[in-house]
Every structure is written in structure tokens, then in C-alpha cells.
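Chain and residue survey
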Amino acid sequence: MIASFRAETLKNRKRWANWILIGILLAWILLLTYLTLFLVVTLSPKSIQGPVPASVIKRRLFPENFVPTVLQAAASIGAAITLIFGALSTASEFGWLTVQTILIQKPTRAGVLFGKFLALGLATVLVGVAMFVAAALASYTAVTLDGSSSAWPAWDVILKAFGALVLQLAVWTAFGAFLGIAFRSAAAAIGGGLTYVFVVEVLLGNLLRTTPIVKEVLKFLPGINGDAITAAFPVTIRDSSAQTQLVTAGRGVVTLLVYLVVFTAASLLIWQRRDVGGS
Amino acid sequence: MRFLDLEDEERTEAFPHSLSMDSSRRSFEPIPLAREEGWLLAQAFAVETHGLTKQYSTGVLAVNNLDLRVRVGEVYGFLGPNGAGKTTTLRLLSGLLHPTSGTAIVAGATPGSPASLAQMGAMVETPAFYPYLSGRDNLRVIARYASIPKSRIEPVLKLVDLTDRARYKFKTYSTGMKQRLGVAAALLKGPDLLILDEPTSGLDPQGTIEMRALIKELKTGGRTVLLSSHLLNEVELTCDRVGVIAKGKLVAEGTVDELRARSGGIALLVRATPLDQARRLLESVLKPEHVRVDGSALVLSVDPSQAASINRRLVADGVDVSELRVSEQSLEDVFLQLTENPQGPKA
């Protein structure tokens, strides 16, 4: 497994597509989440502003709120990017037929897959660090430009938030990797995965949230459980459209851990039994 | 991997079979076996299958009850027409496919097990590498998977004449370069058993000659080479023994000479005018299946000692005989006979 992990980290490091994905993720956080809101709130005329004063809205960008801000980014763009990352990592092996090259080296099939998932896990942690650092720097810049003051969250809150961030990203990465193995096609895995995220989790999760039967189903979905974890972190200005969470943060953590295990186990099951090559 | 710890002088001493070729393009250095003792000394066969069968979910029976034995230290050619089951067999032996039934032992262990994989290098079908990595980085990835020191990479790159292009990305490689990188990857482990699927595919004539020489030399020190090919000439020049597969079944096995002998081996070639009259006459004298038209000549599967009497008979019947000589059947003839009539007994 360690041999496979070392090989996988080399591949991940040298693959430009991975760096482009990280670039898109960080650009989204810096440009869309922070810069756009900062410019809109700072430059827009008072006549188009709502009942909440700009000075209050702006606090959403300050260090006191950087934890919930980065966690919300993780739930949307973070989920999409890491799902693509996981899908590319596994599906490409089938597309290029490199799966047969790696399976005729020394490790067992299970060793190869666990090495791959371990490398994906390491990459996910590093992506989480990059997101945290980017959001923290943007928060610091925002408060400095505004000339205001804002306190950073306590260290224990930051550490818990980092754990929550990595857990959510890891689930989406594992989901993408599972789809890549199941479909053996990057296009199918990414297309299917993103459709699920944006249609089922986002669209249905918001529109049918109050429908009794759907509500019970939604409680088991990874995105909904991730949202519950995010909502548990303090925010000084809450979005007026924020919805009531369907599950508790504790249940959310357990559910996501179960998903992580299920996606890994299901991937292993297919990976072990699948014939490579032939018709 | 003890070899890797030796100094150059000690290497020559430990592995005296230095390979050299006439070509100025490259000189071969010995690719040592991964280990000198182990399964190799205890086994008679590097590959042994019993009733190996693979039926795909589509219903296609690709390999049918295959009994194959590749002796330790030989170069074994696996011949067969397209779709005969050659690549499927190699995938089964590499652990890439799970057999429907039957058993196989490869390098002393179950196919696909770490014990088997550690002793074998393989290039199955198309050489498959990461397009965004250079040739050298692709070998680095493989070396990491196989827990091989990266110091093994440069020698194999040199061996396949890719050192100068090793820094370029795989996606920029020509077919021949991809093929050579595939062979380099298979050699990286210094395997006891080498499985090569169409190793000269895409190589230029010079590269083909060098690859054949390399394959022959690779068996030095007891290494076994199993190669599949559709190039009969290649198999004839390279292999100690040949197995012919048709419709998933092994239809013949032996040395090239044994296979020739089995399917008639020596024949008589007759060039006569008019050809049709000669053919009808000979079919009536001999059995029709012993007479075959080959272009403007007849090929007779008979004992050459009958040449004089056949000549007399043809002349007596008014046929002009311009040529009558002994003709050795080519491997191609043998191959066609075997694969068109796969029911025949094994040699």
C-alpha cells in the first residue's frame, strides 16, 4: 500500500489537471466569494442596498466569519471540484488502460486501491489547507482594507472547522473515485456526479425540503449532512434565507463517516472483481 | 535486488553475459534476474495452465480448456490468428482477467498474486502509460509501484534506446517509442519471466532486428520469455518452442521443426504445363488432399523419394515438367494448416 501511495502521489503531483482544479477552487473563493461581495457592498449605491446595512453585511467577509464562509464554499464549489478530482484519478486509469500497467506490478489490487485512496486523502487535506489559507488571507485583506477590526475564531473552532472541511471534501472525493471505478469513464463519472450534486442535493434539497417523505430521504444525503455540520459553526451575520437543518451536526459527522467507508468499500469490491481488458 | 548494490566490476563478475550488438545505436548491458534463487530452480515450468477457460459475460468463449506449459529458460512463441485468444491468455496469466474455470501457475504462484507479479514483467497489448508524464517519470511511477530502486530506470532506458527522449511526455511518443517504453517497463523488475505481447509491433526494421536480438539474449541466465506474435518469421527466428492457438484452443505445440514435420514438413514442388492437367493426374494418382495449387506450381505432400516416379507419370501423360524439387514447408504453411483445421491432435 505504501508503494502504491508513493506512486500515486507522484502522479497527482505531476498532473496539471489537478493543479488547474485547485486553481479554479481558490480563484472561486478569492474572486467570487470575497472580492465580488466586497466590491458590491463597498461600491454599490445606498439606494440598491437592502434593509441590512453594508457595514453589517461586510462583516461576513471578516476573520470572525471566515470559518463558516470557507465551509459554505466547501459545500458547493469544493464538492464539485473534489468530486471531479476523485473521478479523474480513477476513471483515467481505465481510459488510458494504465489500470493494467499498475495491476501487473507487485502490489495486490487492494494495495493499489488503498494506496490510491490514501493519496487522494492526502491531496484532500492539502486542498483543505489551501482553502483555509486563501480564505484567511482574503478575510485579513478585507478587514484591513475596510479599516475595521475583527477577531479571529478560537483555535479549537478553527481545528474543528478544518476537520469538518476535510471530512466533507473527502466524502466528495471518494464519491468521485467510486463513480470513476464504477463507470470506467471520466465523462460519465463527472457528469453523473455533478448532476447528483446540483440536481438532487442542491435543487431538490432546497425545493422539496419541507415535503414530509422527501425530507426523510434528504436526511441521509451527504450534502444535507454536510450543511448541518457547517451550520453548527458560529456566524455573526446569518443569511436571512438560511434554512433549518434537517439533522444535527453530530449525526452529520457520523453519516459522512459512513459514506466515506461505504464509497471506499464499494470501490474495493468492484476493483477486486473486475476483469481488466477484453470484451 | 542484490545486483543493485554491486559495483560495476562486481556486476560484470556476477553477470558475465554482457550483451553486445553490431548496431552502433546501442549496446546491451545485462539485465539481471530479480533473484538468483527461488521458484526458478524448483520449477520445470515458468507457466503452467490446466483447463484454463475464459468466457466473457457477452458469451464469447475466448480461451477454451487451455493446457499450456512454458519451460523455464526458454523463449516460447504464442502464435495465433487475430481473435484466437492470445491476448486473453496473456491477460489471464498476468492476473488482469479472472478465469471462468481451470488453473494457472505463473512464476511459481497464482496469477496476479504479489509472489507471481514480483517475478514477472509484462507488456500486454498496447503499452499503456500516463500521457502527461515523461517516459522517465512513467518508469518512476512503475518503479514505485513495484518497490524498485529508481537506479534501475536509466539502464533499461538505455537498453531500449530511449535515454535521449526520456524527458519528453509519453503523449508525444511515436508508436515505436511507446513500444520500446513498454518493453523497458517490463524489464524494470529484472523479472525471471517476461511476457511480451507483439513486442515488435510498430518498430522500424532496425528496431525489429534489435528487439529480436534482445529477446534472444534476455533468456540468458535462465530467464523465460513468453511472447505472442502474429509474425511467423519473428517467432521462427526468436523462439525455442511454439504454441499455436486457434479459437481459444492450443492446436499444436513444439519446436518449429517439429511443427513442420507434423504437418508434412517436406513437400515436392512441381511446375508443369498445362497445370490443370497435371493437377488432375496427380489428384488421381495421389490423394486429392495431398495436392495443392500454389500460384503457378503444385505442392505435393508426399515423400520426396517419389519424385522420379511422379516425373515419369507426368511426362508419360504428355505434361511438360519444367521444375521438380523438394520444398520445405514454411511456418506460414504450417500455421495456416493448423489454424484452419484446429481439430487436429497436438504435436
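Everything discussed here concerns the structure shown above.
First things first, this report covers the structure right here in the doc. The shown structure was predicted, so the numbers you read here are calculated from the model rather than taken from an experiment.

Here we take up the overall build of chain B. Check the secondary structure of chain B and you find 13 helices and 14 strands. Relative to its full complement of 347 residues, chain B shows a buried share of 52%. Taking the contacts inside chain B whose residues are at least 6 apart along the sequence as the reference set, 69% of them involve residues at least 24 apart. Accessible surface, chain B: about 15,000 Å² in total, of which carbon and sulfur atoms supply 48%.

Let us look at the interface of chain A and chain B. You'll often see interface size given as the accessible area lost when the parts meet. Taken residue by residue, the interface counts 35 residues in chain A and 31 residues in chain B. With both sides pooled, the region where chain A packs onto chain B buries about 3,100 Å², and carbon together with sulfur makes up 60% of that total. For the interface between chain A and chain B, the tally reads 2 salt bridges. Where Lys14(A) meets Asp137(B), a salt bridge forms, and the shortest distance between an N and an O atom there is 3.0 Å. Elements with a minimum of two residues in the side of chain A that touches chain B: helix 1 (2-14), helix 5 (98-103), helix 6 (109-146) and helix 11 (249-273) of chain A. It is helix 1 of chain A that contributes the most residues to the side of chain A that touches chain B, 10 residues altogether.

Before going further, it helps to spend a moment on the packing of aromatic side chains. Residue and element names in this part refer to chain A. Across all of its chains, the model carries 15 aromatic pairs over all chains by this definition. Relative to Phe 175, the ring of Trp 172 has its centre 6.1 Å away and its plane inclined at 65°; by these criteria the two rings are edge-to-face. Separated by 3 residues within a single helix, Trp 172 and Phe 175 lie in helix 7 (residues 155-183), roughly one turn from each other. Pairwise contacts between aromatic rings join Trp 172, Phe 175, Phe 178, Tyr 196, Tyr 259 and Phe 263 into one cluster. For the cation-ring pair, Lys 58 lies above Phe 38, with the distance from its terminal atom to the ring centre recorded as 5.9 Å.

What follows deals with the nonpolar core. Grouped together as the largest cluster of nonpolar side chains are 105 residues, with contacts concentrated most on Met131(A), Trp271(A), Phe78(B) and Leu226(B). Among the elements that make up this core, the one with the highest residue count is helix 4 (residues 66-95) of chain A (15 residues).

Criteria and cut-off values
- Residues numbered from 1 in each chain as written.
- Chains lettered and ligands numbered in written order.
- Predicted model: local features only at pLDDT ≥ 70, side-chain atom pairs only at ≥ 80, totals over all residues.
- Heavy atoms only, no water.
- Helix = DSSP H or I, 4+ residues; strand = E, 2+ residues; numbered from the N terminus.
- Buried < 20%, exposed > 50% of the residue type's maximum accessible area, 1.4 Å probe, protein only.
- Contact = heavy atoms within 4.5 Å.
- Areas by Shrake-Rupley, 256 points an atom, 1.4 Å probe, with all protein chains shown as cover.
- Buried area = accessible area lost by both parts, 1.4 Å probe.
- Salt bridge = Lys/Arg side-chain N within 4 Å of Asp/Glu carboxyl O.
- Phe/Tyr/Trp six-rings, centres within 6.5 Å; stacked < 30°, edge-to-face > 60°.
- Lys NZ or Arg CZ within 6 Å of the ring centre and 35° of its normal.
- Core = buried A, V, L, I, M, F, W, Y, C linked by side-chain atoms within 4.5 Å.

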